[in-house]
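Chain and residue survey
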Amino acid sequence: MWALTAAYGLACLYLYYMQSVQPLDYNNRYFQSDLPYHISMIVEDGWYYSFTAYVYQALYFLCGGDTAGIALFLAAVTVATLLLTERLLRRMAGAQHRSWATMAGALLVNLVMPFYLKWAGSYRYVSYQSGNLWHNSTYLCMRLLALGALLYYQGLSEDYREKLTGRQWLVFALLLVVCTGVKPSFLTVFAPALALKLLWDLCHGVRFRQVFLLGAAVLPACGVVLWQNAVLFGEDTGNGMTFAPWYTFSLHADRPKLAVLCSLAFPLAVLGASLLAMTRQQWRQLGAVREDVWPGGVYQLRLNRAYIFGWLMALVGFAEALCLVETGSRSRDGNFLWGYLFALFWLYAVSLVKWLSLRNVDIMLLTPEGGRPRSVRLLLVRAAYVVAGGILLYQFYCGVFFFARLLCGETYFMT
């Protein structure tokens, strides 16, 4: 698995370098990406709209005007994202040590693409929505930092009800500031989901002081958003935003609603199987602060919290992408999609762990008294588990196929 990870990193290094040296020609369809335009805006125009601008500027001059340093930096970011995904899977699965299985799961999550159905959308990427992409450098950097912020938040969410230290608060706030400075999209899906989660906690007995302290960690990042808003939507830019449902999803899809479902194929299949597998006891204790229940219950309910938060972020991101559109020169760029795309990446990770937990469906469906479920229900859950696995396998194939063709220089508008 380490050899595969190294091979993936080298492939990304080649891809990013080839992207970076392409001419600034919107008609160019060879190694198409946003990277040469991002570099040009920073090096030639001095337009510092993201914290990545300072990194790119330094690497560009350190390499004597060559883009190899930027490509190496982005490849390192991509591999670090894979390793952080592995840590996320390990934490949620309760594994103590890294293994080939957790590494394989991380590689799968970082390569999986939407369920390609030509009838829904002919373009493998732009007709759908995916948390994995290789053409936008600010998204790649934001995704790594967002993963770090969410992993840190997971640790805080377990203990903040009793105590939240000043150091914990400062580290979390700083992570959100840096991530937002790279790209504000993560904050747009995380902050509303966190607000809903904190409201739930407040209504279930958590002290207001603790809820307020954790929520206040988002405020410094909001200041960064105000600066970015002035740069991107200032009076001189001619850009703004408006309410236009389904506009973004309809830009390149033949059947936008079906394309949305195809983009969520594996998480939806896992959700269906999970609802079938949940017992009455688990439904009752879903909102409990502590769980001391029958065997398997503690793991299941802890996973449910991360799983529910993943779906909550995805729904917030979907609502924003569904309704909001930029006006002006960027009206067709779909920039309100970025937060939703990261939420999809996170959702696929938590759905993978949730799917793996369904292997123990016999234990999960035990009642507190030790009784077994009806055989029909057990068969339905097992069938749903197999179907979800088949969908995941096809989506992984779609991702490997797409990435391989990108390495051949094809456009992300490929069919």
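Residues numbered from 1 in each chain as written. Predicted model: local features only at pLDDT ≥ 70, side-chain atom pairs only at ≥ 80, totals over all residues. Heavy atoms only, no water.

**Looking at the overall build of the protein chain**
- Along the backbone of the protein chain there are 17 helices and 2 strands.
- Within the protein chain, the proportion of its 415 residues that are buried is 53%.
- With an accessible surface of roughly 18700 Å², the protein chain has 65% of that area assigned to carbon and sulfur atoms. (Helix = DSSP H or I, 4+ residues; strand = E, 2+ residues; numbered from the N terminus. Buried < 20%, exposed > 50% of the residue type's maximum accessible area, 1.4 Å probe, protein only. Areas by Shrake-Rupley, 256 points an atom, 1.4 Å probe, with all protein chains shown as cover.)

**Considerations on the environment of Gly409**
- Mapped onto the elements, Gly409 comes out in the segment after α17 (375-407).
- Excluding its chain neighbours within four sequence positions, the residues that come into contact with Gly409 are Arg29, Tyr30 and Phe31. (Contact = heavy atoms within 4.5 Å.)

**Describing the packing of helix α4 (residues 68-93) against helix α15 (residues 338-357)**
- Close contact between α4 and α15 brings their axes to 10 Å; oriented N to C, the two are set at 40°. Taken as axis vectors, α4 and α15 run oblique relative to one another. Handedness of the crossing formed by α4 with α15: right-handed. Contacts from Thr81, Thr85, Leu88, Leu89, Met92 and Ala93 of α4 reach α15 at Phe345, Trp346, Ala349, Val350, Leu352 and Val353.
- Residue composition of the contact of α4 with α15, by class: 10 nonpolar, 2 polar and no charged. (Axes fitted to C-alpha atoms, helices over the stretch in contact; angles between N-to-C directions. Parallel < 35°, antiparallel > 145°, perpendicular 65-115°, else oblique. Left-handed = near helix turned anticlockwise from the far one by under 90°. Nonpolar A, V, L, I, M, F, W, Y, C, P; charged D, E, K, R; others polar.)

**A few points about helix α8 (residues 185-203)**
- The end-to-end C-alpha separation of α8 is 28 Å, in line with the 27 Å expected for 19 residues at 1.5 Å each.
- Every buried residue belonging to α8 is among Ser185, Phe186, Leu187, Val189, Phe190, Ala193, Leu194, Lys197, Leu198 and Asp201, and all of these are buried. Summarising the axial view, the buried residues of α8 lie within an arc of 160°, below the 170-degree limit, and thus occupy one face.
- One or two residues past the end of α8 sits Gly205, with phi positive at roughly 95°. (Expected span 1.5 Å × (residues − 1). Arc of directions from axis to C-beta.)

**What about the packing of aromatic side chains?**
- Under the criterion given, the structure shown has 33 aromatic pairs.
- Here Tyr14 and Phe31 contribute two aromatic rings whose centre-to-centre distance is 5.9 Å and whose plane-to-plane angle is 85°, an arrangement assigned as edge-to-face. One end of the pair, Tyr14, is in helix α1 (residues 2-20); the other, Phe31, is in the loop between α1 and α2 (35-43), and 17 residues separate them in sequence.
- Its relative accessible area of 41% is what places Tyr14 among the partly exposed residues.
- Here Phe31 falls in the buried class, since its relative accessible area comes to 2%.
- Sitting above the plane of the Tyr116 ring, Arg124 keeps its charged end 4.1 Å from the centroid.
- Lying over the aromatic face of Trp246, Lys257 brings its terminal NZ or CZ to 4.6 Å of the ring centre. (Phe/Tyr/Trp six-rings, centres within 6.5 Å; stacked < 30°, edge-to-face > 60°. Lys NZ or Arg CZ within 6 Å of the ring centre and 35° of its normal.)

**Brief notes about unusual backbone geometry**
- A positive phi is found at Phe31, a non-glycine position, where the angle reads about 50°.
- At Trp246, a position not held by glycine, the phi torsion is positive, near 70°.
- Positionally, Trp246 belongs in the loop between β1 (240-243) and α11 (256-263).
- Residue classification places Trp246 among the partly exposed residues on the basis of a relative accessible area of 23%.

**Digging into the pattern of salt bridges**
- Applying the stated criterion to the full structure yields 5 salt bridges.
- Among the salt bridges present, the one from Arg161 reaches Asp201, with a minimum N-O distance of 3.8 Å. Taken as a pair, Arg161 in the loop between α6 (137-159) and α7 (166-182) and Asp201 in helix α8 lie far apart in primary sequence, 40 residues in all. Here Arg161 and Asp201 have matching classes, each one buried.
- When the shortest N-O distance is used, the salt bridge between Lys197 and Asp201 registers 2.8 Å. (Salt bridge = Lys/Arg side-chain N within 4 Å of Asp/Glu carboxyl O.)

**Re the environment of Leu164**
- Among the structural elements, Leu164 can be located in the loop between α6 and α7.
- Measuring from C-alpha to C-alpha, the distance between Leu164 and Leu213 comes to 7.8 Å, with 49 residues separating the pair along the chain.
- Setting aside its immediate chain neighbours within four residues, Leu164 contacts Leu156, Trp169, Gln210, Leu213 and Leu214.

**Section: helix α5 (residues 100-109)**
- Burial analysis of α5 places 7 of its 10 residues in the buried class, which makes it a mostly covered element.
- Looking at α5, one finds that the buried residues are Thr102, Met103, Gly105, Ala106, Leu107, Leu108 and Val109.

**Quick word on the nonpolar core**
- Formed by 123 residues in total, the largest nonpolar core has its most connected members in Trp134, Phe186, Phe190, Met313 and Phe342.
- In terms of residue count, the dominant contributor to this core is α15 (15 residues).
- With near-sequence residues (within four places) excluded, Phe186 lies in contact with Met142, Ala146, Ala149, Leu150, Leu176, Cys179, Met313 and Phe342. (Core = buried A, V, L, I, M, F, W, Y, C linked by side-chain atoms within 4.5 Å.)

**Quick notes on a nonpolar patch on the surface**
- On the surface, a nonpolar cluster with roughly 420 Å² of combined accessible area is contributed by Leu199, Leu202, Phe208 and Phe212.
- Among the elements of the structure, α8 and α9 (208-216) are those that each provide at least two residues to the nonpolar patch.
- Relative to the helices and strands, Phe208 is located in helix α9.
- Judged by relative accessible area, Phe208 falls into the exposed class, the value being 56%. (Patch = residues over 30% accessible without salt bridge, like charges linked within 9 Å, V, L, I, M, F, W, Y side chains within 5 Å.)

**Overview of the side chain of Lys197**
- Checked against the element boundaries, Lys197 lands in helix α8.
- Here Asp201 takes part through its side chain, which lies 2.8 Å from a polar atom of the side chain of Lys197.
- With residues up to four places along the chain from it excluded, the contact list for Lys197 reads Tyr153, Arg161 and Phe309. (Polar contact = N/O pair within 3.5 Å; in protein donor to acceptor, adjacent residues only side chain to side chain.)

**Thoughts on the side chain of Thr85**
- Within the secondary structure layout, Thr85 lies in helix α4.
- Once residues within four sequence positions are removed from consideration, Thr85 is found in contact with Ala106, Val109, Asn110, Leu147 and Phe345.

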